[in-house]
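Remarks on the overall topology
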Amino acid sequence: AQAAGVVLPTDRPYDGVDLIPYVRSAVQTDPHDALFWRAHGHRAIRVGRYKLISDTRNGARALYDLEADPSEQNDLLADRPALADELEQRLRAWESGLEPPRWPNVMEYRFSDGDRRFVFPL
């Protein structure tokens, strides 16, 4: 909205950050403490080097260290359950302030992690 010069209505919350200052200058800090995604029961959060993927329909979760494992091949959930629980709590807190999605599921991203299979609508 900022880049287009649009003034947004002030009667609602927005889930976003103005990235223009980060694009136009040499700001070296991250614009977000955490990044969140969700679609049709599938959710994810990234904080620093860690990413948690969570499926609310079947309870499946996977935790990855994106610096050590950028292709998300090694699930750390069994080794770092407290971190996964902390990220899950942050994900739930973020999601509790949002309305249900109003768009249809048109694509899916599928991958396997050992015996577990994940399907995430895009």
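The model shown is predicted, which means the values in this text are computed figures rather than measured ones.

What counts and how
Residues numbered from 1 in each chain as written. Predicted model: local features only at pLDDT ≥ 70, side-chain atom pairs only at ≥ 80, totals over all residues. Heavy atoms only, no water. Core = buried A, V, L, I, M, F, W, Y, C linked by side-chain atoms within 4.5 Å. Buried < 20%, exposed > 50% of the residue type's maximum accessible area, 1.4 Å probe, protein only. Helix = DSSP H or I, 4+ residues; strand = E, 2+ residues; numbered from the N terminus. Contact = heavy atoms within 4.5 Å. Pairing = 2+ DSSP bridges.

Turning our eyes to something else, we now look at the nonpolar core. With twelve residues, the main nonpolar core is built from Ala34, Ile45, Val47, Tyr50, Leu52, Leu63, Leu77, Leu83, Ala84, Leu87, Leu91 and Trp94. Among the secondary structure elements, those contributing two or more residues to this core are strand 2 (42-47), strand 3 (50-55) and helix 2 (81-96). For this core, the element with the highest residue contribution is helix 2, accounting for five residues. In this view, Ile45 contacts Ala34, Leu35, Phe36, Trp37, Tyr50, Lys51, Leu52, Leu87, Arg90 and Leu91; residues no more than four positions away in its chain are not counted. Listed in part, the eight residues of the second largest apolar core include Ala44, Ile53, Tyr64 and Phe118.

Below, the discussion takes up the pairing of strand 3. Among the six residues in strand 3, six count as buried, and that is most of the element. Of the two faces of strand 3, the one lined by Tyr50, Leu52 and Ser54 and the one lined by Lys51, Ile53 and Asp55 are each fully buried. Connecting the antiparallel pair strand 2 and strand 3 is a turn made up of two residues, with Gly48 showing a positive phi of about 60 degrees. Where strand 3 folds back on strand 4 (residues 61-65), the antiparallel hairpin that results is connected by five residues, among which Gly59 adopts a positive phi of roughly 80 degrees.

That's the geometry; what it means functionally is another story.
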